[in-house]
Amino acid sequence: MGSHIAIYLRLSQEDIDSKNSLLKDESNSIRSQRLMIQRYIQEQPEFAGHPVLEFVDDGYTGTNFDRPQLQKMLSLIRSGEIRCVVVKDLSRFGRNYLEVGDYLEHIFPFLGLRFIAINDHYDSADYKGTTGGVDVAFRNLVYQQYSQDLSQKVKSAVYMKMARGRYVVHCPYGYKKSPGEKHKMVLDPVTAPIVREIFLAAIAGKKSTEIASMLNEKHILTPLEYKNLSRKSIHNEAMWSHQAVLRIIRDYKYTGAMVNFKCENQTIRAKVQKRNSPDEWVVVENSHEPIVSHEEYEAANAHIRKVKPHNTIRHDQTDRVYYCGHCGRRLRKTFGLDEYYSCATSLYREKTECSKIRWSKTDLERIVLAAYKAQLLVMEKEHKKTAVQNGPSPVRVCRETQKKVSREISSIAEQNLRLYERYKAGEYSAETFLEEKTKLFARKKQLDTDLARLQSEEEALLAEQGRAEQQEQYLQKAGALLRLSDEKLLEEMYQTIDKIIVFSNKEIEIFWKLDDCFRTALKG
């Protein structure tokens, strides 16, 4: 069993007063939990000298165990690196009665883990193979009921806001928060005229793509740009699209009505929301100043081309690897006698290089497949002429070195004890004893540093070994792949492609997932 002690800290929105954003109980703050546990550990002589690992889940509910730091801690417990876990109270570990009980009664005892909840006066070492019995079980049940009750109260408060026509999620484009009243919307003087312009353009008979193109020509910021929410990692130039225009035209809120409860979480902190049917929506008329009248809303929606509902058939998506070399967007695929790739940017911006991109799938695949075959041919030749080199594995050498360093670290404790015995026996003066002890301490510090470096080297070597094994496997496979039919080889080709950049001058740039493997073969 490992010698590490883990301290686990958790704070969720359940512990925060939504009215003034202050903690209901300051003792539940991460800082207070940390100080209490650190003080407790310092006061326990049996914990002296044991390294402490800290795991913090800030903003996660205790009603389930889907918490990143908790899962990381449980993984280390299973691998035997942690011998004891200390929490402020059982509710910090979890509020689900059954799950917490299962860990305390079965999982942790089986793993030989000691579990301590300070405020609940629970220490699994006190029960010698049993749990805290009815007292602990009852306390867990209370925590679970508290969390469920709190969740219900929060839902009730949200429903009351919905019934009064307040917004509970965010203001739509065209509105902004009222400076004097929370959960109330007022017109945004910058974007409200743009929304009205969109509705009037639709009433005038313009298509959604034409409206988007008009907005782009005027260099009007998109809703995400305006709210400064666009992700920095996306390299595409932001622009209006027909989907963005349709979202605005179809939003009933612009008539002055508040529409809430379109979606809901089926579980606490669910990552995917369930869409509610329109008859479940909470609609309150005359909740805020309208941007368009009901008549204008109906007229704009009447002019939108109605797409007949159809069952979506999801085709193979492995060929969705083609991107525009000018704007960075993935190329759209259209169907006819052949499949064609083009850039959708040309629909929303005039006179762009993107509009010149139009490739048939047949032509593109012929070029890419020829490049793939050329790569495989070089790899096959490389594999044939490469002699298998037998030698000591770098990973094995690194591990053997680690064992030597670990043995020397272990021996230092014995050396320190013998040094003390010789000092007590009068063989060493106090000055010599301190000098030798300092040397031992410095040596151990250096060895600890060496061991940490070797462990990092082993991780890097293992990663490199994995890449080398993948390359070797693919080199061996290259010859067999070349003997496949073009149809079968195309399937394999798409598995090895990361992306293909297509330019208007008919140039393409291929990025392979096995770039390292290809480069190794070409260097040979």
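Higher on the page you've got the structure.
It should be emphasised that the depicted structure is a prediction, and the values quoted were computed from it without experimental measurement.

Within the protein chain, the regular secondary structure consists of 16 helices and 19 strands. Relative to its 524 residues, the protein chain shows a buried fraction of 38%. For the protein chain, the exposed area adds up to about 31,900 Å²; of that, 53% sits on carbon and sulfur atoms.

The geometry of helix α6 (residues 192-203) relative to helix α9 (residues 242-249) is characterised by a closest axis approach of 10 Å and an angle of 95 degrees between their N-to-C directions. Our classification of the angle between α6 and α9 gives roughly perpendicular. Side by side, α6 and α9 meet where V195, I198, F199 and A202 of the first sit next to V245, I248 and I249 of the second. The class makeup of the residues in the contact of α6 with α9 is seven nonpolar, no polar and no charged.

Moving on to the environment of K477. Position of K477 relative to the elements: it lies in helix α14 (residues 430-482). With a relative accessible area of 35%, K477 lands in the partly exposed category. Residues K477 and L376 lie 101 residues apart in sequence; the distance between their C-alpha atoms is 8.9 Å.

Pairing is mixed across the open sheet formed by five strands, whose spatial order is β4-β1-β5-β6-β7. Only two strands of the sheet have a single partner each, and these edge strands are β4 (52-58) and β7 (122-123). Helix α1 (residues 30-42) rests against β1 (4-11), β4, β5 (82-87), β6 (114-117) and β7 of the sheet, and its axis sits at about 155 degrees to β1. Packed on one face of the sheet, helix α2 (residues 68-78) meets β1, β4 and β5 and runs near 150 degrees to β4.

Right, let's talk about the pairing of strand β15 (residues 332-335) for a bit. Of the pairings in the sheet, the one linking β15 to strand β16 (residues 339-342) comprises four bridges and is antiparallel in character. Its bridge partner lying in β16, T334 is registered against Y340. In sequence, β15 turns back onto β16 through a hairpin of three residues.

Next up on the list: the packing of aromatic side chains. For the coordinates displayed, the defined rule picks out 19 aromatic pairs. Consider the rings of Y173 and W240, whose centres lie 5.7 Å apart with planes at 70 degrees: the pair is edge-to-face. Here the residue Y173 occupies a position in the loop between α5 (133-163) and β8 (175-177), and W240 occupies one in the loop between α8 (223-226) and α9, the gap between them amounting to 67 residues. The two residues Y173 and W240 agree in class, both being buried. Plain terms: the ring middles of Y423 and F433 are 4.6 Å apart, the flat faces sit at 20 degrees to each other, and that makes the pair stacked. Here Y423 is found in helix α13 (residues 394-424), whereas its partner F433 is found in helix α14, with 10 residues between them in sequence. Taking relative accessible area as the criterion, F433 reaches 11% and is therefore assigned buried. Taken together, F65, F93, Y103, F108, F115 and Y122 form an aromatic cluster joined through their ring pairs. Positioned above the aromatic ring of F65 is the side chain of R67, whose terminal nitrogen or guanidinium carbon lies 5.2 Å from the ring centre. The ring centre of Y323 lies 4.7 Å from the NZ or CZ of K499, which sits over that ring.

Each value, and the rule that gives it
- Residues numbered from 1 in each chain as written.
- Predicted model: local features only at pLDDT ≥ 70, side-chain atom pairs only at ≥ 80, totals over all residues.
- Heavy atoms only, no water.
- Helix = DSSP H or I, 4+ residues; strand = E, 2+ residues; numbered from the N terminus.
- Buried < 20%, exposed > 50% of the residue type's maximum accessible area, 1.4 Å probe, protein only.
- Areas by Shrake-Rupley, 256 points an atom, 1.4 Å probe, with all protein chains shown as cover.
- Axes fitted to C-alpha atoms, helices over the stretch in contact; angles between N-to-C directions.
- Parallel < 35°, antiparallel > 145°, perpendicular 65-115°, else oblique.
- Contact = heavy atoms within 4.5 Å.
- Nonpolar A, V, L, I, M, F, W, Y, C, P; charged D, E, K, R; others polar.
- Pairing = 2+ DSSP bridges.
- Phe/Tyr/Trp six-rings, centres within 6.5 Å; stacked < 30°, edge-to-face > 60°.
- Lys NZ or Arg CZ within 6 Å of the ring centre and 35° of its normal.

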